[in-house]
Structure formats: structure tokens, C-alpha cells
Amino acid sequence: MASIKLSGVHKHYRNNVHALKGVDLDIPPGQFLVILGPSGAGKSTLIRLLNGLETPSEGQVVIDGTELTKRNLRSVRAKVGMVFQQFNLVDRLNVMTNVLSGRLGKRNWFTSSLFLFPRSDLELAHKSLARVGLVEKAWMRADQLSGGQQQRVGIARALAQEPALILADEPVASLDPITSTEIMGLLRDICDEQGISVVANLHQLDYARDYAHRIIGLNNGHIVFDGSPEQLDSDAEARIYGRSASSRKEVRHELVLAHA
Ligand SMILES: Nc1ncnc2c1ncn2[C@@H]1O[C@H](COP(=O)(O)OP(=O)(O)OP(=O)(O)O)[C@@H](O)[C@H]1O
Ligand SMILES: [Mg+2]
């Protein structure tokens with residue numbers, strides 16, 4: 001179980017981009033949080049801060065009461081599973097080995113470099129593959145699977161880490177709508193059944209509404225919405241995607257006139 005707290009987090013990149021502008025966020029354990037926002041709003045930056053791929057320019061990221069620093073990065077990261085838009089599997093390795101690679105963060109460099117895994121790791125990898133329904137594909141090469149199956153392997157790899165938190169940066173952006181709902185459903189079930197927190201970036205409002213416990217909206221580095229799926233009304237959408245409700249009405253009006 002992971003609790004996450006961001007206090008006064010700013011992120012300046014070297015090119016002078018101010019990607020996050022004072023983000024305060026408390027995520028209780030076991031929550032399925034979806035981050036929405038237009039392109040460039042800072043969604044991926046926020047996700048990368050949570051596993052230490054980026055460090056805040058100002059402010060703190062605290063996971064389970066421990067501030068994320070360079071020194072404890074490895075131990076914190078071992079508890080954080082990542083799921084990627086492009087799945088990030090090793091194509092020429094089989095599915096089982098890809099899932100086992102989720103254990104590497106917990107092993108020393110010698111056993112890892114030889115890919116020597118204890119029996120308990122093999123059992124865990126098998127269980128993770130079973131959870132995503134892909135045991136029968138264990139010995140196939142990763143690149144012989146469909147996109148949806150590859151994403152399931154990505155989720156199994158994250159589960160093999162025994163994570164407290166799964167971070168997913170646009171996990172369904174490369175998948176068709178039906179496969180996308182299956183993957184979103186799987187992530188939500190894992191969250192509900194195992195109490196693993198999930199933080200996911202999405203571009204699809206519908207999936208956010210259907211699968212999130214809580215939604216935050218980012219715009220230009222600020223949190224401009226924080227609420228339940230039911231609270232995400234058209235005004236909130238307008239705030240997140242950068243138009244006021246009145247200007248949206250004007251646009252609609254113009255469209256109606258244009259088609260008249
Ligand atoms: N490594 C980097 N170096 C410099 N600037 C960056 C870097 N990563 C992101 N940025 C900038 O920070 C801002 C926020 O980017 P971020 O990738 O977090 O947005 P996003 O909300 O994930 O967008 P998208 O929906 O397009 O993925 C953008 O202006 C982007 O150009
Ligand atoms: Mg992004």
C-alpha cells in the first residue's frame with residue numbers, strides 16, 4: 001500500500017520550461033487516480049516525478065512517509081511498477097523473461113546479469129501472467145503478441161515487482177477501443193482486489209469517468225480540477241482543456257451559424 005504526497009512541487013526543465021507550477025496532491029493508498037489535461041500540461045512530468053525519473057526543482061515528493069531522494073531511489077523504485085504506452089517489452093525475449101525482468105530491481109547485479117532467478121521469482125512471474133490471462137503465451141517471443149497482449153505482459157511485469165503503486169503513462173494510447181477497455185478494466189480490478197494504487201495519464205475522458213476513483217485535471221502546470229468522475233461536468237472539462245464554458249458556448253454558436 002502506498003500513500004503519496006506532493007507538496008509545493010515545481011518542475012523547471014533546463015530549457016526554461018516551467019512544467020509544474022506548485023502542485024499539492026495527496027493520494028491515499030489503493031486509489032485509482034487518473035490525470036487528464038491537454039498536451040504539454042505536465043502529466044508525464046508528474047508521473048516521472050513519482051518514480052524519480054525526474055526530481056522536483058522545488059517542493060517534495062513523499063512516498064509512504066519517505067521523501068524521494070537520490071539515496072533511496074532504488075528502494076522506492078522497486079515498489080513502483082511502470083506501464084508504458086509502447087509497452088517497452090524486450091521484443092526478442094520470451095514473455096516469461098520479460099515478466100521476470102520485473103524482479104531485477106530486487107536482485108543484486110550479479111544474479112541479475114546472469115538472469116538467475118530463485119524459484120520464488122519464477123512462481124511469482126507465473127502467478128502474474130495468470131492474473132493477466134496469458135500463461136499459455138509464456139514461451140512465445142514478446143514481439144509475436146498483439147498490442148493488447150503485450151500490454152498485459154507489461155502489466156504482469158509490473159505485478160511481478162509486487163508493487164505498492166503502478167504508474168501508467170497513456171497505457172491505452174496505442175490500442176483499439178475494445179482492447180483499451182479491457183486493459184483499463186484489468187488495471188482497475190488489480191487496484192480494487194490488491195489495494196495497489198494506480199496513477200494513470202489518459203487523453204480519453206470516457207475512460208477516466210468509467211475507471212477512475214478520482215480524477216485530477218492539469219492545465220499549464222496547475223491542478224485545475226480534483227474530484228470524482230461524477231463531478232467532472234462540462235465546466236470542469238472546459239477548465240481542464242483550457243476554454244471557459246462561455247467561450248465554448250460561443251464556439252458552438254459559431255459552429256451552428258457556420259452550418260446554417
Ligand atoms: N525532458 C524535458 N526537457 C525539456 N522540456 C520538457 C521535457 N519533458 C517535458 N518537457 C516540457 O514540459 C512540458 C510538459 O510536458 P509533459 O510531457 O509533462 O506534458 P504532457 O501533459 O505529458 O503532454 P502529452 O499529453 O503531450 O504527453 C512541455 O512543455 C514539454 O515540452
Ligand atoms: Mg505525456
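Located above this text is the structure these notes cover.
Given the structure is predicted, the values throughout are model-derived calculations rather than measurements. (Residues numbered from 1 in each chain as written. Chains lettered and ligands numbered in written order. Predicted model: local features only at pLDDT ≥ 70, side-chain atom pairs only at ≥ 80, totals over all residues. Heavy atoms only, no water.)

S.K.: Would you explain the sheet that holds strand 2 (residues 18-27) in this entry?
M.R.: Taken together, four strands build an open sheet; the order of strands is 2-1-4-5 and the sheet is antiparallel. Of all strands in the sheet, those bounded by a partner on one side alone are strand 2 and strand 5 (66-67). Here strand 4 (residues 58-63) runs beside strand 5; their pairing, made up of two bridges, is antiparallel. The residue bridging Val62 from the neighbouring strand is Glu67, located in strand 5. Across the sheet, helix 1 (residues 43-50) touches strand 1 (4-12), strand 2 and strand 4, and the angle it forms with strand 1 is around 125°. (Pairing = 2+ DSSP bridges. Helix = DSSP H or I, 4+ residues; strand = E, 2+ residues; numbered from the N terminus. Contact = heavy atoms within 4.5 Å. Axes fitted to C-alpha atoms, helices over the stretch in contact; angles between N-to-C directions.)

S.K.: For this particular structure, what's the right way to read the layout of surface pockets?
M.R.: Vacant regions in the atomic arrangement are exposed by a probe of water-molecule size rolled over the atoms. There is about 400 Å³ of room inside the largest pocket. Considering the residues around the largest pocket, the lining is formed by 18 residues, among which Arg77, Val80, Met82, Ser101 and Gln161 are closest to the centre. Counting residues per element, the ones that place at least two in the lining of the largest pocket are helix 2 (73-77), strand 6 (80-84) and helix 6 (147-160). Taken as a whole, the second largest pocket encloses approximately 170 Å³ of empty space. Around the second largest pocket sit Leu49, Gly52, Glu54, Thr55, Pro56, Gly59, Val61, Glu67, Leu68, Thr69, Lys70 and Leu73, which together line it. (1 Å grid on protein atoms, 1.4 Å probe; cavity = no way out; pocket = protein on both sides within 12 Å on 5 of 7 lines; lining within 4 Å. Points joined across faces, edges and corners; volume = space filled by probe spheres on them.)

S.K.: Help me understand the site of ligand 1, please; the structure alone is not making it clear to me.
M.R.: Around ligand 1 sit 15 residues in total, of which Ser39, Gly40, Lys43, Ser44 and Thr45 are the nearest. Contact distances for ligand 1 include 2.5 Å between an oxygen atom and a side-chain N or O atom of Ser39. Between ligand 1 and the protein, one listed contact pairs a nitrogen atom with a side-chain N or O atom of Arg48 at 3.3 Å. Computed on the free molecule, ligand 1 has an accessible area of 630 Å², of which 65% lies beneath the protein chains in the complex. A per-element tally of the shell around ligand 1 places helix 1 first, with four residues. (Near = heavy atom within 4 Å. Polar contact = N/O pair within 3.5 Å; in protein donor to acceptor, adjacent residues only side chain to side chain. Areas by Shrake-Rupley, 256 points an atom, 1.4 Å probe, with all protein chains shown as cover.)

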